[in-house]
Amino acid sequence: MKANVRNLPIKGLICLALGLITLALYLPVLHHSFVEYDDQQYVTDNPLVQAGLSWRGLVWAFGFHAGNWHPLAWLSHMLDCQLFEARAWGHHLTNVLLHIASTLLLFLVLDRMTGAVWRSVAVAALFAWHPLHVESVAWVAERKDVLCALFWMLTLWFYVRFTERPSAARYVFALGAFVLCLLSKPMAVTLPFALLLLDYWPLQRVTNDKREVAGIWRLVVEKIPFLFLAMGGCALTLHAQQMAIVSTAGLPVSQRITHALAAYNHYFGAMFFPHNLAVYYPYVINLQPETVVSSGVVLVLITLLAVKNIRSRPYLIVGWLWYLGTLVPVIGLVQVGDQAWADRYTYLPLIGLFVPLVWGAVEVIKNKMVLRTLAAAAGLAMLVATSVQLSHWQNTWTLFNHANKVTHENYMAITVLASQLAKQGKLDEAIALYHTALSYKPTFPETHFFLGNAFDQLGRPDEAVAEYEKALWFKPMQEQTHIFLGIVLGKQKKYAEAITNYDAALVIDPDSAVAHNNLARIFHTQGRFDDAIAHYQAALKLDPKLALAHNNLGVLLLQKESLADGTTQLREALRLNPTNSETQFNLALALNQQQQWTEAVELFSKTVGTGSTDPKAHCEFAKALTHAKKTREAMSEFAAALLILPDYPDALDGLAWILSTDANADFRNGTEAVKMAEQACTLTGRNDPMKLRTLAAAYAEAGRFAEAVSTAQTAKDLAVAGRKPDLTDECSAMLQHFQQSQPWHGR
């Protein structure tokens, strides 16, 4: 006990040093962006996550999403959004802090189990600084890795305390930590087996005495609650990943076994020589026979070595079985996705190699000076290598550009790079790269999807549809492809086919706000207003921040003459996206209808420029300017509308009204007003009371009062028939003026 007390300050300093060095190592990640590879569905494009913590989000987190079941990981992302919103540095900081916490717990657990302080430090340093672990820490979407590791270490800590002095409370704490571990990432299902290994060494709860069978059985029984939880985790994960699991028809068992051998060997080699690390490794179907044989030989030799030294060096067999066992869920025997292997899969399994490496080095190298020198050199080398690897994670381009350089025929990397070029408007370059990717893997659905998107942007809808359909042929359950195909079909007015695709997207993901919004737009176009409103509202319930849905619903409500509700929706759309010109224009139209001229003028001035080719836009702007007493500007906008469309009745009418009635005599011109007003009335069949009202005012300005009276009377009669009381009253007032030979000025 006294020795332990004396060691407390040393251990505190060790933890401080490990934490600070690891923090300094990963500090550059705070300047990194989100990457466009899973970060979208986990954070940036996930409205429920971005909304922060909520009861609805809590319920949703326990569902099956992104091909996984990890509720605690989702909740941690929600908490980050609550704290940091969509600022990437905060999300990265959480990952780094979780990694540091796991590192310190690993040190403390190892030290408590073995009493070997400096060897425990070395293992913790390897865990903290190894380049293979950059992916788990630098990738926001891999929050599940670092979160799972934290609760894995806590489970070990509570379990070790339980073995020291068994009690129900300590056992429940260990079991509870394991539950949190499973809720973070399903890979934790191997933890009960890891506990059995630790029982053998270093906890030494199992002896090599053949008479200790009863004791071994007791330890197994002790793990039964853990095993039942692990089985539940397996069942939930298999259900979540059922659409991503490759069938034995697509990938035979023999191929899976040979690939698993190669994967074990790959990770083993990468631990010693972590070079050419990439975010994505293409799956090679036909491995070279020598690769498979050499991998098998290496695994057998190491296994034999560990078994031979099972009594004298128990750390060898424990570490080796830890490595082999913890990789089982991700080694490819149950193939999920199309990657060959992934650096992130080594996050916890490598501990099994770090331990025998450190313990073996201490045993073999007797000279302490040499040992310390080698340890310092290894630590420095790892820090440098990890810093370099971390630099590749700055953004999507740097990440996949590096992957493309260090791997062969990496169709995924090329596709992502092409998509980045497409975002920059370099569509020809992007298409060339998409074709390169397809030459490596013609069946890769993501490339067909992005190629379809490029064709759509180029205005080549038939080619876009063909590529989207190919993407769905190779990957039918892809929500995004159905949505984008629906968009193109909608542009082609193939509404029934578009609806079919949006319905398919909603079958795949009923919580897709975008699919609901796009389906509503189709119904809106077809005049099915009630159906459209229902889907717009569903979209906004799922994603209250979807500005496009607020805009679309606002326009529909205006069409249904619900001015107040429509304006409210448009204002919310503009609040969410203040620079959206379409929403600004729609809100300005709504304000015109409500005679809120000043605000309408402000919005029109942002959206209706000299380059606008929409005569209605110029005319509506002019209408607002007229009522805002900005006559000269209004006349200019009416003129701009007539330059675009000389026979546009509303522009002719608006300009004729100014020429007939403006208070400033410099703007009035009765002769020109009559010409324009007569043309407007002719174009509308002389049955529009507003146009006839203007013609009457023009006749009066030109001194033709008899015609003014007759025309005003006709306008009044039409207004009465059309049940337009305000216009009826105005025409009555005009008649009184005209009958007294007075023009209608200053109105």
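On a predicted model such as this, the values are computed, not experimentally measured, just so you know. (Residues numbered from 1 in each chain as written. Predicted model: local features only at pLDDT ≥ 70, side-chain atom pairs only at ≥ 80, totals over all residues. Heavy atoms only, no water.)

Let us look at the side chain of His402. As for its position among the elements, His402 is in helix 19 (residues 396-406). His402 sits in the buried class, given a relative accessible area of 15%. Within polar-contact distance, the side chain of His402 engages the side chain of His392 at 3.4 Å. Leave out the neighbours within four places in its chain, and His402 touches Leu277, Gln389 and His392. (Helix = DSSP H or I, 4+ residues; strand = E, 2+ residues; numbered from the N terminus. Buried < 20%, exposed > 50% of the residue type's maximum accessible area, 1.4 Å probe, protein only. Polar contact = N/O pair within 3.5 Å; in protein donor to acceptor, adjacent residues only side chain to side chain. Contact = heavy atoms within 4.5 Å.)

This part is about empty space enclosed by the protein. Evaluation of the coordinates by the stated rule reveals 2 cavities of 30 Å³ or more. Its boundaries defined by the atoms lining it, the largest cavity holds a volume of some 140 Å³. Surrounding the largest cavity, 14 residues form its lining, Leu110, Leu198, Trp322, Ile351 and Val355 being those nearest its centre. Secondary structure elements with two or more residues in the lining of the largest cavity: helix 6 (88-114), helix 16 (314-326) and helix 17 (351-364). The dominant element in the lining of the largest cavity, judged by the number of residues it contributes, is helix 6, at 4 residues. Grouping the amino acids of the lining of the largest cavity by side-chain chemistry returns 12 nonpolar, 2 polar and no charged. Looking at the second largest cavity, its volume works out to about 40 Å³. (1 Å grid on protein atoms, 1.4 Å probe; cavity = no way out; pocket = protein on both sides within 12 Å on 5 of 7 lines; lining within 4 Å. Points joined across faces, edges and corners; volume = space filled by probe spheres on them. Nonpolar A, V, L, I, M, F, W, Y, C, P; charged D, E, K, R; others polar.)

Here helix 20 (residues 411-423) is 13 residues long and its end C-alpha atoms lie 18 Å apart, about the 18 Å a rise of 1.5 Å per residue gives. Burial of helix 20 is extensive: 12 of the 13 residues sit out of reach of the surface. Within helix 20, the full set of buried residues consists of Tyr411, Met412, Ala413, Ile414, Thr415, Val416, Leu417, Ala418, Ser419, Gln420, Leu421 and Ala422. The inward-facing, buried residues of helix 20 abut helix 19, helix 21 (427-440) and helix 22 (445-457). One or two positions beyond helix 20, positive phi appears at Gly425, with a value near 85°. (Expected span 1.5 Å × (residues − 1).)

Moving on, we get to the nonpolar core. Core analysis: the largest hydrophobic core is formed by 138 residues, its most contacted members being Trp152, Met153, Leu156, Val279, Tyr323 and Phe400. If you tally residues by element for this core, the top one is helix 9 (residues 143-164), at 12 residues. Those residues within four positions of Val279 in sequence are excluded, and the remaining contacts are Tyr37, Glu135, Trp139, Arg344, Trp393, Leu399, Phe400 and Ala403. Ranked by size, the runner-up nonpolar core spans 59 residues in total, among them Leu603, Ala622, Ala677 and Leu735. (Core = buried A, V, L, I, M, F, W, Y, C linked by side-chain atoms within 4.5 Å.)

In short, the description is geometric, and any link to function would need to be established separately.
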